Amino acid sequence: MRLKLHTQILIGLLLGVVAGVIVGPSIGVIKPVGDAFIKLITMIVVPLVFASILVGVASLGDLAKLGRIGIKTVGYYLATTAIAITIGLALANLIRPGSRLDPAIKERLLADFAGAAEVSIERAAVPPSVVETLLDIIPTNPIGALAEANMLQVIFFALAFGIALTYLDRARTEPVLRFMEAVNEAMIQLVHLVMKIAPLGVFALIAAIVGQYGLGILQTLLVYSLVVVAGLAIHMCLVYPTAVRLFAGMSPIHFFKGVAPAQLVAFSTSSSNATLPVTMECAEENLGVSEEVSAFVLPLGATINMDGTALYQGAATIFIAQVYGLDLTLQQQLLVVLTATLASIGAAGVPGVGMITLALVLKTVGVPLEGIALILGVDRILDMCRTAVNITGDSSCAVVVAASERELAERPPVAPGGQAPVWTGETRS
Ligand code: ASP
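Residues numbered from 1 in each chain as written. Predicted model: local features only at pLDDT ≥ 70, side-chain atom pairs only at ≥ 80, totals over all residues. Heavy atoms only, no water.

Undergrad: Give me the lowdown on the overall build of the chain, citing residues and values where you can.
TA: Per the secondary structure count, the chain includes 19 helices and zero strands. Compactness check: the chain gives a C-alpha radius of gyration of 21 Å against a globular reference of 22 Å for 429 residues, within 12% of the reference. Seen along its three principal axes, the alpha-carbon backbone of the chain occupies a region of about 70 × 55 × 40 Å. With 429 residues in all, the chain has 55% of them scored as buried. (Helix = DSSP H or I, 4+ residues; strand = E, 2+ residues; numbered from the N terminus. Rg over C-alpha atoms; globule rule 2.2 N^0.38 Å. Buried < 20%, exposed > 50% of the residue type's maximum accessible area, 1.4 Å probe, protein only.)

In structure tokens form, the structure reads like this:
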């Protein structure tokens, strides 16, 4: 029997952990296989997002509906992000991981990672203003935006282009739409083809990471890492299932089964952006979200919605403050919620970006920035976990918004034979 795609990826992931532990750093020789996989799916992102938004907006043909979808999406994203940070803050306040850190370990971590922390600290020196961040969404040169893969700018231009098309006579716009539809279809086909090597790519990525970092580093910061992972688990297992059940009537099991391939790719690549083609495919094929909704909600989510990252920033801020013996007031903690939400909007979904924006959050509440060095060692592994949560949040929003617009295909929560209808990685015919 052919194994389902997510089962194959999961096997790749587990074998990768085993290979990394057994072989150690020299397993790094196979990393190029993983890098090739990441580059291949990243290659699809810009044309897919551009073509699918354009086609989506033009076929929606209803600007009021687009505005409504936009408001719901941003509202959902802001609400879930705020809940996520609150969970992170609450757990860190409750368990106090920073007060339990051995002073010897603290000194060692500060010495080992001080250099690496400089990067984040420098970036926080001149934080962009809210106005600048908003202005930056408008590209002065759309080709430049596409070339640099500046996602918010690409989304903005694709929306503007699509809206302009809806004003024109259909006979005139037909060739553009037909062309873009074909581009879109071809990109989707490419996702299916690239996903065939996902199990191998995931194996190589995980083996290289485990080989390089080992699992030992987790031990030095065990309580902190557990707080972050527990927070992420609570958020993922409570907030999203409740949302999809309540607002879309979808069984959480069906939701998680459908989103599993994307979660595994997000976990292995630590990049919501690179995972985007897979997230879109899972939402459309497995969860029944319409293309119009998925094309808009998911690319936006990959850039502006990072629940996992926000939760982690809440926990990390409290952790570092505790290590330095600072007690943040309720007001300061509310400021953390606000800054972390804003910081996650401006940052692209690529590996390690949460660490850079964390510096901004720390600066706002006056926690020593060099404390970043304390948590750098475990950042990569926690980044994997938070990225998986980030794309799950985006997918849950796609389901909720699609349901509210009656754009969620009616599918049985469990298909005959007890199996949920999950995309198995077959290429379309
Ligand atoms: N790697 C995360 C993402 O791509 C962002 C972060 O937390 O660093 O969603």
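Undergrad: How would you sum up the packing of helix H12 (residues 252-269) against helix H19 (residues 379-404)? Please name residues and give values.
TA: It is at 8 Å that the axes of H12 and H19 come closest, and there the two elements cross at 145 degrees. H12 and H19 meet at a crossing whose hand is right-handed. Of the residues in H19, those touching H12 at Phe255, Phe256, Val259, Ala262, Gln263, Ala266, Phe267, Ser268 and Thr269 are Arg380, Met384, Cys385, Thr387, Ala388, Ile391, Thr392, Ser395, Ser396 and Val399. Among the residues making up the contact of H12 with H19, the classes are represented as 11 nonpolar, seven polar and one charged. (Axes fitted to C-alpha atoms, helices over the stretch in contact; angles between N-to-C directions. Left-handed = near helix turned anticlockwise from the far one by under 90°. Contact = heavy atoms within 4.5 Å. Nonpolar A, V, L, I, M, F, W, Y, C, P; charged D, E, K, R; others polar.)

Undergrad: Go over a nonpolar patch on the surface, please, and point to the residues and values.
TA: There is a patch of nonpolar side chains on the surface, built from Val18, Val21, Ile22, Val23 and Leu215 and spanning about 460 Å² of accessible area. Take Val21: it is sitting in helix H1 (residues 5-23). On the basis of relative accessible area, Val21 is assigned to the exposed category, the value being 51%. (Patch = residues over 30% accessible without salt bridge, like charges linked within 9 Å, V, L, I, M, F, W, Y side chains within 5 Å. Areas by Shrake-Rupley, 256 points an atom, 1.4 Å probe, with all protein chains shown as cover. Salt bridge = Lys/Arg side-chain N within 4 Å of Asp/Glu carboxyl O.)

Undergrad: A description of the packing of aromatic side chains should follow, citing residues and the corresponding values.
TA: Two descriptors summarise a pair of aromatic rings, namely the distance from one centre to the other and the angle between the planes of the rings. Inspection of every chain in the model, using the stated rule, returns five aromatic pairs. Among the aromatic residues, ring-to-ring pairing joins Phe50, Phe157 and Phe161 into one connected group. A cation over a ring is seen here: Lys106 above Tyr324, with NZ or CZ 4.8 Å from the ring centre. (Phe/Tyr/Trp six-rings, centres within 6.5 Å; stacked < 30°, edge-to-face > 60°. Lys NZ or Arg CZ within 6 Å of the ring centre and 35° of its normal.)

Undergrad: Lay out the nonpolar core in plain terms, naming residues and giving numbers.
TA: Generally speaking, soluble globular proteins have nonpolar side chains that are buried together. Counting residues in hydrophobic clusters, the biggest one holds 129 residues, and the most contacted among them are Tyr224 and Ile375. No other element matches helix H2 (residues 31-60), which puts 14 residues into this core. In this structure, Ile375 is in contact with Leu221, Tyr224, Tyr312, Ala316, Phe319, Ile320, Met355 and Leu358, ignoring residues within four places of it in sequence. (Core = buried A, V, L, I, M, F, W, Y, C linked by side-chain atoms within 4.5 Å.)

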